[in-house]
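Remarks on the overall topology
Single-letter residue listing:
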Amino acid sequence: MKEIIDLSFWQLLAAYIFVLILILIVKVKRIPREREILLATVRMTFQLILAGYILVYLFENTHPILTLFSICIMQVFAIYNVYKRSNTRINFQMKKIIALSMTLGIFFSLFYFIFIVINVSPWYEPRYFIPIAGMIIGNSMTGITLGVNNLITGMKSHREEVEGALMLGATPKAASKKVTNQAFDAAMIPTINSMVGMGIVFLPGLMTGQILSGTSPVVAIEYQIAVILGIVGSVSLSVILFLHLGYKQFFNERSQLINEHE
Amino acid sequence: MYTLTNIKINELMKIDNLTIPEQSVTCILGPSGSGKSTLMKLLNNMITPDEGQVTYKKQPISDLDPIHLRRKSVMVPQTPVIFDGTIKENLAIGSKFSEEEPPSIEQLTGILEEFQLNKKLNDNASNLSGGEKQRLAIARALLMNPEVLMLDEPTSALDEETAEVVVHKILEYVENKGLSLIFVTHNKELAAQVADHTIDLMKYSLKKEMTTHERNH
């Protein structure tokens, strides 16, 4: 197997020049986005350099507490990101439900894959644990953000229908079923689309990384399949938990629709 | 059947004492904005008053299961809600919500005919006109075999002739099945014709007081 090409300083610089050319084109075309592209490039560079150093430290100082601590930090950032990316105001109770469902869904899937599917030894090995957690957490974050937005906007736009169902003796669960089903679909679509296109339209990141580092494509595919199944499991589990607890926030104990969701 | 005592809904209405008798036709009159729909929503516990108590068959509503109450005391709002699916699915949705046996095909086709809905059971319900949707919603409520039928402006989307047929049909059901009918209308003539009791909401509306107050200043 050939050794991986280590990118030299000049090679990386060439990649940055590529972005500079892009910024130039954007400027000439008068698309006012050069600032955003520049900022994102600088931010990405610093974040990845920092992540690189942290990963080197974690790989050299393997310890369960350090691995778990890193996962918790990633999880907290993901939850915060869901709050930030939601296009409506979320009240405190809803925030608690988002945090709880994400934590349970993600941790259950992650530990199931680490302990049972991949059977990593020692279980806290950061070389496996952290990248897999990153993929599972990142995808769940996208899914749950879509689920949250669709539940909140759906309950608002289908308010009359939900109220009409309550008047016909529906339970709050039955009355909001259409909205929760639509929110679940919306949350799952990106994951399902990426599964459908995988291997034909694009090669997924984990697999590409492993192939680039010299792993046999067959092994890389095995890992990719395992991780994708973990992602699907985690996204659906988190979203199901969220919707199961989340719709109740729109009703009071007398099964009445709460006026404004604030 | 229903009694309302010392009810207050902030800035909208204040009812010291009001009784709605059983197995009778009660008509709620009042201009728009006087809280006619709000009063109905108090009766099926879609809302809870800020103060006071509502009882149904001598039991405080707050002690009853609100979902079971709404299956017995069915309200049809002025703009009826039509759910995705066919006319058949819409007619049977009440039984689906209460997890009971769905009505038979004969019952469904029979009620369509009675309410002059010249449609097939498998037609898409969203294609119906406003008036047809209103009739479908009333038929759907009747298929739930309620004790109380509450209709909010049941003939607002119907022409005079159809309105007469529909009102007649509703009254026939009410009489044959011993139901109580509570309906909101702004049509005083209709109220005088069919109601055993009328409730003039202007007596309870706080908005009226506000306008008098505003006029005086």
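Computed from a prediction, not measured in an experiment: that's the story for all the values here. (Residues numbered from 1 in each chain as written. Chains lettered and ligands numbered in written order. Predicted model: local features only at pLDDT ≥ 70, side-chain atom pairs only at ≥ 80, totals over all residues.)

1. Structural notes on the interface of chain A and chain B
Frequently, the measure chosen for interface size is the accessible area that the parts lose on association. Using the following cut-off: Here the contact rule is simple: place C-beta atoms from the backbone, and any two residues whose C-beta atoms are within 7 Å are in contact. When residues are grouped by polarity, Ala, Val, Leu, Ile, Met, Phe, Trp, Tyr, Cys and Pro land in nonpolar, Asp, Glu, Lys and Arg in charged, and all others, Gly among them, in polar.
Each partner contributes to the interface: chain A provides 14 residues, whereas chain B provides 19 residues. Grouping the constituent residues of the side of chain A that touches chain B by class yields six nonpolar, five polar and three charged.

2. Considering the packing of helix α4 (residues 92–117) of chain A against helix α10 (residues 217–246) of chain A
The description of two packed helices rests on the angle between their axes and on the distance between the axes. Residue and element names in this part refer to chain A. What counts, and what does not: Axis geometry follows a simple rule: fit a line to the C-alpha atoms, using only the stretch in contact for helices, then measure angles between N-to-C directions, giving values from 0 to 180 degrees. Numbering of helices and strands runs from the N terminus, with a helix taken as a DSSP run of H or I at least four residues long and a strand as a DSSP run of E at least two residues long. Between 65 and 115 degrees an angle is taken as roughly perpendicular, under 35 as roughly parallel, over 145 as roughly antiparallel, and anywhere else as oblique. Two helices cross in a left-handed way if the nearer one is turned anticlockwise from the farther one by less than a right angle. They cross in a right-handed way if the turn is clockwise.
It is at 8 Å that the axes of α4 and α10 come closest, and there the two elements cross at 150°. Taken together, the axes of α4 and α10 lie roughly antiparallel to each other. Here α4 runs over α10; the crossing is right-handed. Here α4 contributes M94, I97, I98, S101, M102, L104, G105, I106, F108, S109, F113 and V117 to the contact with α10, which in turn contributes A226, G230, G233, S234, L237, S238, L241, F242, L245 and G246. The residue makeup of the contact of α4 with α10, split by class, is 14 nonpolar, eight polar and no charged.

3. Topic: the domain arrangement of chain A
How we decide: Where each domain starts and ends follows an automatic or database-derived domain assignment.
Domain boundaries assigned for chain A yield domain 1 (1–61) and domain 2 (64–250). Using C-alpha coordinates to define each centre, domain 1 of chain A is positioned 28 Å away from domain 2 of chain A.

4. A few points about unusual backbone geometry
Look at the link from A:S121 to A:P122: it is a cis peptide, with omega at -10°. Tracing the backbone through its elements, the reader meets A:P122 in the loop between α4 and α5 (126–157). Positioned with a positive phi, B:K57 is a non-glycine residue whose angle comes to about 50°. Of note, B:K57 is situated in the loop between β4 (51–56) and β5 (59–60).

5. Concerning the sheet that holds β5(B)
Residues and elements named next belong to chain B. Put simply, the rule is: Here, strands pair whenever DSSP counts at least two bridges between them.
Pairing is antiparallel across the open sheet formed by four strands, whose spatial order is β2-β1-β4-β5. For this open sheet the edge positions go to β2 (13–20) and β5, each flanked by a neighbour on one side alone. Relative to β2, strand β1 (residues 2–9) runs antiparallel, the two sharing seven bridges. Residue pairing for β2: K8 is matched across the bridge by K14.

6. Description of the environment of B:T109
Residues and elements named next belong to chain B. Going by this rule: Buried means a residue has 20 or more other C-beta atoms within 10 Å of its own C-beta, exposed means 12 or fewer, and partly exposed covers the counts in between; C-beta atoms are placed from the backbone.
With respect to the secondary-structure elements, T109 resides in helix α5 (residues 105–114). Judged by local crowding, T109 falls into the partly exposed class, with 15 C-beta atoms found within 10 Å. Distance from T109 to K120, taken between C-alpha atoms, is 8.2 Å for residues 11 residues apart in sequence.

7. Brief notes about the packing of helix α2 (residues 34–60) of chain A against α5(A)
All names here are of chain A. Contact pair α2 / α5: the axes reach a minimum separation of 9 Å and the direction vectors enclose 140°. Taken together, the axis directions place α2 and α5 in an arrangement best described as oblique. On the side of α2, the interface is formed by L55, L58 and F59, while α5 contributes P126, R127 and I130. Of the residues in the contact of α2 with α5, the class split is five nonpolar, no polar and one charged.

8. A closer look at the pairing of strand β6 (residues 73–76) of chain B
Residue and element names in this part refer to chain B. Burial along β6 is two-sided: S73 and M75 and V74 and V76, pointing in opposite directions, are all buried. In terms of strand pairing, β6 meets strand β7 (residues 148–152) through four bridges, oriented parallel. Bridge pairing in β7 places M75 opposite M150.

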